[in-house]
Amino acid sequence: MASMRDIKRRRDSIQSTSQITKAMKLVSTVKLQKAKGHAEETKPYFNKMYETVSGMLARSGGSSSNPYVRNNRGDADSAQKPKKKGVIMITSNRGLAGGYNSNVIKLVTNGDFDKENTVIYPVGRKGLEAMNRMGYTLQGDYSEVINKPLFGDAVSIGKTVSAALENGEIDEVYLAYTVFKNTVTQIPTLIKILPFDEEDIAESQSGENSKAEGPVALMNYEPEEEETLGYIIPLYMNSLIFGALVEAVASENGARMQAMDNATSNAEEMIDTLGLQYNRARQAAITQELTEIVAGASAIE
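Note that this is a predicted model, so its numbers are computed, not measured. (Residues numbered from 1 in each chain as written. Predicted model: local features only at pLDDT ≥ 70, side-chain atom pairs only at ≥ 80, totals over all residues. Heavy atoms only, no water.)

A. Region of the structure containing unusual backbone geometry. For leucine 96, which is not glycine, the phi dihedral falls at a positive 55°. Of note, leucine 96 is situated in the loop between strand E2 (85-90) and helix H3 (100-109). Among the residues examined, leucine 96 registers a relative accessible area of 55% and is labelled exposed. (Helix = DSSP H or I, 4+ residues; strand = E, 2+ residues; numbered from the N terminus. Buried < 20%, exposed > 50% of the residue type's maximum accessible area, 1.4 Å probe, protein only.)

Structural data, given as structure tokens:
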């Protein structure tokens, strides 16, 4: 059995840790309330943006030659060539948030993203450090963005990714982040945001046609279709990136609050257990001292 001194030292250490986890839980709770409200306010706009752009392309007849819309009727060699994928990965700058960061990282490492044909655009130091250790190609460092996301930050990331897509450095753009559902539930999510495949557009169009009673009219553009989509689609991508940043901040604070709450509960259980061990050790020490006193008194007599 451990000595009373060792048990007391360990109990004091756990009590100090418990005070830290309680403080971190309170800080995360305050931050979560603000981030949760921001996420709930902005989510309808970004959902509507996605629905609107998808509907526009579905009504365009799939004839656009815009670089953000991929024509699937290319040659066989280009179809068989592996696609270069760019992933905007949103994690946190700090740990102590349970499986929040590792769940986002697993979306890429366990998915169809080989190291040779994947470029990571990291938002958050935890994702950057993990993907760098695994040997993935990293482009830029947007760690400071996650501290307080602004729409201008999303525009900056969107311009970088759009330029890489237009220049042929990457063929597809994905977004890996965490959707905030509620305080205790955060859903790691991986979505493809660009380019739009003609098959997806045709499927969306057929879905709208099935809901409508008659034929769906094609979209009319003013000015030309390519010019209009060239303005709208980057705005759509920036909106999705900013929406993901806002969701990620709320998810991070929710995950950290939950992790610190669990850590505090575990610490309290350990303190109770160590308290019982300390009392048993103290009782055993007192019993031993009494036994020694009685034995000494008997020896004198």
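B. The arrangement of the sheet that holds strand E4 (residues 137-138) in detail. On the basis of which strands lie adjacent, the open sheet formed by five strands has the order E4-E3-E2-E5-E6 and mixed pairing. The strands lining the two open edges of the sheet, one partner per strand, are E4 and strand E6 (185-194). With nine bridges joining them, strand E5 (residues 172-182) and E6 adopt antiparallel strand pairing. Bridge assignment links valine 179 to a residue of E6, and that residue is isoleucine 187. (Pairing = 2+ DSSP bridges.)

C. Just the pattern of salt bridges, in detail. Applying the stated criterion across every chain yields a total of eight salt bridges. A salt bridge links lysine 43 to glutamate 247; its shortest N-O distance comes to 3.2 Å. Taken together, the residues span a long stretch of sequence, with lysine 43 in helix H1 (residues 4-58) and glutamate 247 in helix H7 (residues 225-300) at a distance of 204 residues. Under the relative-accessibility criterion, lysine 43 is labelled partly exposed at 31%. (Salt bridge = Lys/Arg side-chain N within 4 Å of Asp/Glu carboxyl O.)

D. How the structure looks around the packing of helix H5 (residues 151-166) against H7. Viewed as axis vectors pointing N to C, H5 and H7 meet at an angle of 125°, and their least axial separation amounts to 8 Å. When the axes of H5 and H7 are compared, the pair comes out oblique. In this structure, the crossing between H5 and H7 has a hand that is right-handed. From H5, Phe151, Ala154, Val155, Ile157, Gly158, Val161 and Ser162 reach across to H7, where they touch Leu235, Met237, Asn238, Ser239, Ile241, Phe242 and Leu245. Here the contact of H5 with H7 is built from residues that sort into 10 nonpolar, four polar and no charged. (Axes fitted to C-alpha atoms, helices over the stretch in contact; angles between N-to-C directions. Parallel < 35°, antiparallel > 145°, perpendicular 65-115°, else oblique. Left-handed = near helix turned anticlockwise from the far one by under 90°. Contact = heavy atoms within 4.5 Å. Nonpolar A, V, L, I, M, F, W, Y, C, P; charged D, E, K, R; others polar.)

E. Focus on the environment of arginine 11. Among the structural elements, arginine 11 can be located in helix H1. Sequence separation between arginine 11 and glycine 275 is 264 residues, and the spatial gap between their C-alpha atoms is 7.6 Å. Every residue in contact with arginine 11, bar those within four places of it in the chain, is listed here: Ile271, Leu274, Gly275 and Tyr278.

F. Focus on helix H4 (residues 125-133). Along H4, the residues classified as buried are Gly127, Leu128, Ala130 and Met131. Buried-residue contacts for H4 involve E2, H3, strand E3 (118-123) and E4. Directly beyond the C-terminal end of H4, a positive phi value near 90° is found at glycine 135.

G. View of the nonpolar core. One finds Ile88, Ile90, Val123 and Tyr236 to be the most contacted residues of the largest nonpolar core, which totals 49 residues. Going through the elements one at a time, H1, E2, E3, H5, E5, E6 and H7 are the ones with two or more residues in this core. Examining the composition of this core, we find that 16 residues originate from one element, H7, more than from any other. Excluding its chain neighbours within four sequence positions, the residues that come into contact with isoleucine 88 are Tyr121, Val123, Ile157, Val161, Val173, Tyr174, Leu175, Ala176 and Ile241. (Core = buried A, V, L, I, M, F, W, Y, C linked by side-chain atoms within 4.5 Å.)

H. Geometry of a nonpolar patch on the surface. A cluster of nonpolar side chains, namely Ile286, Leu290 and Ile293, defines an oily patch on the protein surface of about 290 Å² accessible area. Relative to the helices and strands, leucine 290 resides in helix H7. (Patch = residues over 30% accessible without salt bridge, like charges linked within 9 Å, V, L, I, M, F, W, Y side chains within 5 Å. Areas by Shrake-Rupley, 256 points an atom, 1.4 Å probe, with all protein chains shown as cover.)

I. Broad picture of a negative patch on the surface. On the surface, Glu222, Glu224, Glu226 and Glu227 cluster together into a negatively charged patch. Here glutamate 226 lies in helix H7. Residue glutamate 226 is classed as partly exposed on the basis of its relative accessible area of 44%. (Lys, Arg positive; Asp, Glu negative; His and termini not counted. Charge placed at Lys NZ, Arg CZ, Asp CG, Glu CD.)

J. Quick look at the packing of H3 against H4. Where H3 contacts H4, the two axes come as close as 10 Å, and the packing angle between them is 45°. As summarised for this structure, H3 and H4 are arranged oblique, according to the angle between their axes. The element H3 and its partner H4 pack so that their crossing is right-handed. Of the residues in H4, those touching H3 at Asn101, Ile105, Val108 and Thr109 are Lys126, Gly127, Ala130 and Met131. Along the lines of polarity and charge, the residues of the contact of H3 with H4 split into four nonpolar, three polar and one charged.

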